[in-house]
Amino acid sequence: MKKNQLIFVLFALCFLSNQMKAQTSLSFKESLHLLQQGNQSLKIADKSIEIAKTERDKLNAFWYPSLQSTGAFVHMSEKIEVKQPLSQFTDPAKDFVHSIIPNDQIISSILDQIGTNTLIFPLTPRNLTTVDVSAEWVLFSGGKRFRATNIGRTMVDLARENRAEVSANQQNLLVESYYGLRLAQQIVTVREETYKGLQKHYENALKLEAAGMIDKAGRLFAQVNMDEARRELEAAQKEETVMQSALKTLLNKKDMDENIVPTSPLFMNDSLPPKMLFNLSVGSGNYLLNQLQLQEHIAKQQVRIDQSGYLPNIAIFGKQTLYSHGIQSNLVPRTMVGIGFTWNLFDGLDREKRIRQSKLTQQTLVLRQMKARDDLAVGVDKLYTQLQKAQDNVKALNATIKLSEELVRIRKKSFTEGMATSTEVIDAETMLSKVKVARLAAYYEYDVALMNLLSLCGTPEQFVNYQPKP
């Protein structure tokens, strides 16, 4: 007996030391505010929106002209020059002289000597230096720029929709962790009550054994069940510690020394909106459907871009030489302005393959939307049924708890009077504990299923409207 009392005292001291730690009370709204401020997944989703905006700005850059500056120093192995033999000029002159003076020798010999030479005109030296500025502005690209701009805007909308989905998923985790901690704490309370009840029953069994009203087996049976209740209490406390850690991690408060005490209770609504309303909300607000629709829009724009490959690109261009050494302006002008086009007439059927691939992508996204709608309808039915089952379970368990409490009271009184066995008392205590835990679990399942259903509909923010008013 002294050994058991010592174990209980040590256990109670450990329990009280844990309870005396600094605590931080948090309502669900307060924890939701902390989630939106410090959650790492939401920060990553915010960065994705910034990346999408940058990509949109990159696509919008096609509307502006491009300006480039180029420079070069060139050393050539030979000079660039024009060589022209003089014979092509002296031969016609000789023919003309012979037509006037048939027997002329002097002028013809002079012209022959001149014709053996070559006239050389240097154009550029071997070392050249130039610095140029060139500009190009596309006037017509077959509609590519319009489609690219639409794709850029849609990418930003897609990133925002993804961020909303991440937020909904994190709120689902918050409900699981927050109310999971609340559930764990209340289960600890139930296990503690059961342990105290079985401990008192064990003490009564010791007195009855000493009075000879029960045998040693009855007392040992009470002791075994008391020890089992203590182990269940310790397991419940460990589960509470795990849920504490999970909630702190989710709220990015891993360095907190205080234990979080959730103040918002587990709840259950007396009635639910019609299932049809949830089905309508899923069709218009589900994050997956919205993302698939945006992806389909991007695929449609990509088809138009690929189809515009059959059209020419028209652009104006200009070039200005800022500095030139070795190149005469009469050979290469310092300023040039013009307009031109490029038209890909044949590319080995690459355009046709691209168009077909884009259309297949668009058709696949349409099919995925149809499948997603069917899957979401099944998901709504499943979650709505879970809510109804939780309500039915609580209604049934409420009556069972009243019966179990009365049964425990009667059997404890009968045991002290020697009219009931130890087994009957322990069975009543165990049944009461199980029923209380089952009712708490039903409340928890209801809250989690409700949050999942609202997230499926794209309206997780409505969860607080279902909570009881303080």
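Residues numbered from 1 in each chain as written. Predicted model: local features only at pLDDT ≥ 70, side-chain atom pairs only at ≥ 80, totals over all residues. Heavy atoms only, no water.

### Concerning the overall build of the protein chain
Alright, step 1. Regarding its fold elements, the protein chain presents twelve helices and eight strands.
Alright, step 2. The C-alpha atoms of the protein chain give a radius of gyration of 45 Å, which is well past the 23 Å a tight globule of 470 residues would have.
Alright, step 3. Of all 470 residues assigned to the protein chain, the portion counted as buried reaches 39%.
Alright, step 4. Residue pairs in contact within the protein chain that sit at least 24 positions apart in sequence constitute 85% of those at least 6 positions apart.
Alright, step 5. Across the protein chain, the centroid of the 57 positively charged side chains sits 3 Å from that of the 50 negatively charged ones. (Helix = DSSP H or I, 4+ residues; strand = E, 2+ residues; numbered from the N terminus. Rg over C-alpha atoms; globule rule 2.2 N^0.38 Å. Buried < 20%, exposed > 50% of the residue type's maximum accessible area, 1.4 Å probe, protein only. Contact = heavy atoms within 4.5 Å. Lys, Arg positive; Asp, Glu negative; His and termini not counted. Charge placed at Lys NZ, Arg CZ, Asp CG, Glu CD.)

### Notes on helix H8 (residues 275–285)
Alright, step 1. Buried within H8 are the following residues: Phe278, Val282 and Gly285. Within H8, the buried residues cover an arc of 100° as seen down the axis, which keeps them to one side. Counted as exposed and oriented over 90 degrees from the buried face of H8: Met276, Leu280 and Ser284. (Arc of directions from axis to C-beta.)

### A few points about the layout of surface pockets
Alright, step 1. Here the second largest pocket is characterised by a volume of approximately 270 Å³.
Alright, step 2. Where the lining of the second largest pocket is concerned, the elements lending two or more residues are strand E5 (127–140) and helix H6 (144–210).
Alright, step 3. Per-class residue counts for the lining of the second largest pocket are eight nonpolar, three polar and three charged. (1 Å grid on protein atoms, 1.4 Å probe; cavity = no way out; pocket = protein on both sides within 12 Å on 5 of 7 lines; lining within 4 Å. Points joined across faces, edges and corners; volume = space filled by probe spheres on them. Nonpolar A, V, L, I, M, F, W, Y, C, P; charged D, E, K, R; others polar.)

### Topic: the nonpolar core
Alright, step 1. Counting residues in hydrophobic clusters, the biggest one holds 54 residues, and the most contacted among them are Leu174, Tyr179, Phe278, Tyr446, Leu450 and Phe463.
Alright, step 2. Mapped by element, the contributors of at least two residues to this core are helix H2 (28–38), H6, helix H7 (216–250), H8, helix H9 (287–307), helix H10 (350–416), helix H11 (422–456) and helix H12 (463–466).
Alright, step 3. Top element by residues in this core is H11. It accounts for twelve residues.
Alright, step 4. Contacts of phenylalanine 278, omitting those with residues within four sequence positions, involve Pro273, Val380, Tyr384, Leu453, Leu454, Cys457 and Tyr466.
Alright, step 5. With 14 residues, the next largest nonpolar core counts Tyr195, Ala205, Leu208 and Met226 among its residues. (Core = buried A, V, L, I, M, F, W, Y, C linked by side-chain atoms within 4.5 Å.)

### Side note on the sheet that holds E5
Alright, step 1. Taken in spatial order, the four strands of this open sheet run E2-E5-E7-E8, and their pairing is antiparallel. The open sheet has two edge strands with one neighbour each: strand E2 (66–75) and strand E8 (335–342). For this sheet, the mean angle separating the axes of adjacent strands, direction not counted, is 25°.
Alright, step 2. Relative to E8, strand E7 (residues 313–325) runs antiparallel, the two being bridged by eight bridges. Bridge assignment links glutamine 320 to a residue of E8, and that residue is threonine 335. (Pairing = 2+ DSSP bridges. Axes fitted to C-alpha atoms, helices over the stretch in contact; angles between N-to-C directions.)

### A few points about H7
Alright, step 1. When the terminal C-alpha atoms of H7 are compared, their 51 Å separation across 35 residues agrees well with the 51 Å that a helix rising 1.5 Å per residue should span.
Alright, step 2. With its phi angle positive at about 60°, asparagine 252 sits one or two positions after the end of H7. (Expected span 1.5 Å × (residues − 1).)

### Considerations on the side chain of serine 141
Alright, step 1. Relative to the helices and strands, serine 141 resides in the loop between E5 and H6.
Alright, step 2. Judged by relative accessible area, serine 141 falls into the buried class, the value being 9%.
Alright, step 3. Sequence-distant contacts of serine 141, that is, excluding residues within four places in its chain, are made with Ser308, Pro312 and Asn313.

### Topic: unusual backbone geometry
Alright, step 1. Located in the positive-phi region is asparagine 252, a residue other than glycine, with phi close to 60°.
Alright, step 2. With respect to the helices and strands, the residue asparagine 252 is situated in the loop between H7 and strand E6 (259–262).
Alright, step 3. Relative accessible area serves as the criterion here: at 26%, asparagine 252 is assigned to the partly exposed category.
Alright, step 4. Of note in the backbone geometry, leucine 349 takes a positive phi value of approximately 65° without being a glycine.
Alright, step 5. We classify leucine 349 as partly exposed; its relative accessible area is 45%.

### Considerations on the pattern of salt bridges
Alright, step 1. Within this structure, the stated rule accounts for 18 salt bridges.
Alright, step 2. Among the salt bridges present, the one from aspartate 46 reaches arginine 163, with a minimum N-O distance of 2.9 Å. Of the two residues, aspartate 46 sits in helix H3 (residues 40–60) while arginine 163 sits in helix H6, which places them 117 residues apart along the sequence.
Alright, step 3. Since its relative accessible area comes to 31%, aspartate 46 is described here as partly exposed. (Salt bridge = Lys/Arg side-chain N within 4 Å of Asp/Glu carboxyl O.)

### Here's the deal with the UniProt feature "coiled-coil region" (unreviewed entry) in the protein chain
Alright, step 1. UniProt's entry tags residues 219–246 and 380–407 with the feature "coiled-coil region" (unreviewed entry), counted in the numbering of this structure.
Alright, step 2. What you have in residues 219–246 is 100% helix and 0% strand, and the ends, taken at the C-alpha atoms, are 41 Å apart.
Alright, step 3. Helix and strand shares over residues 380–407 are 100% and 0% respectively, and the end C-alpha atoms of the span are 40 Å apart. (UniProt positions renumbered as here; feature names shortened; annotations may be inferred.)

### Some thoughts on the environment of serine 414
Alright, step 1. Positionally, serine 414 belongs in helix H10.
Alright, step 2. In this structure, the C-alpha to C-alpha distance between serine 414 and valine 131, residues 283 residues apart in sequence, is 109 Å.
Alright, step 3. Discounting residues that sit within four places of it in the chain, serine 414 has contacts with Met419 and Ala420.

### Observations concerning the pairing of E6
Remember that side chains alternate between the two faces of the sheet whenever the strand is regular.
Alright, step 1. Alternating positions in E6 separate cleanly, Ile260 and Pro262 being buried on one face and Asn259 and Val261 remaining unburied on the opposite face.
Alright, step 2. Here four bridges tie strand E1 (residues 23–26) to E6, and the two strands are oriented parallel to one another. Looking across to E6, one finds that threonine 24 is bridged to isoleucine 260.

### Brief notes about the packing of H8 against H10
The axes of two packed helices give the description: the angle between them and the distance between them.
Alright, step 1. Packing of H8 against H10 brings their axes to within 10 Å, and their N-to-C directions diverge by 145°. The two elements H8 and H10 cross, and the hand of that crossing is right-handed. Seen from H8, the contacting residues are Lys275, Phe278, Asn279, Val282 and Gly283; seen from H10, they are Arg373, Leu376, Val380, Asp381 and Tyr384.
Alright, step 2. Residues of the contact of H8 with H10, tallied by class, amount to five nonpolar, two polar and three charged. (Left-handed = near helix turned anticlockwise from the far one by under 90°.)

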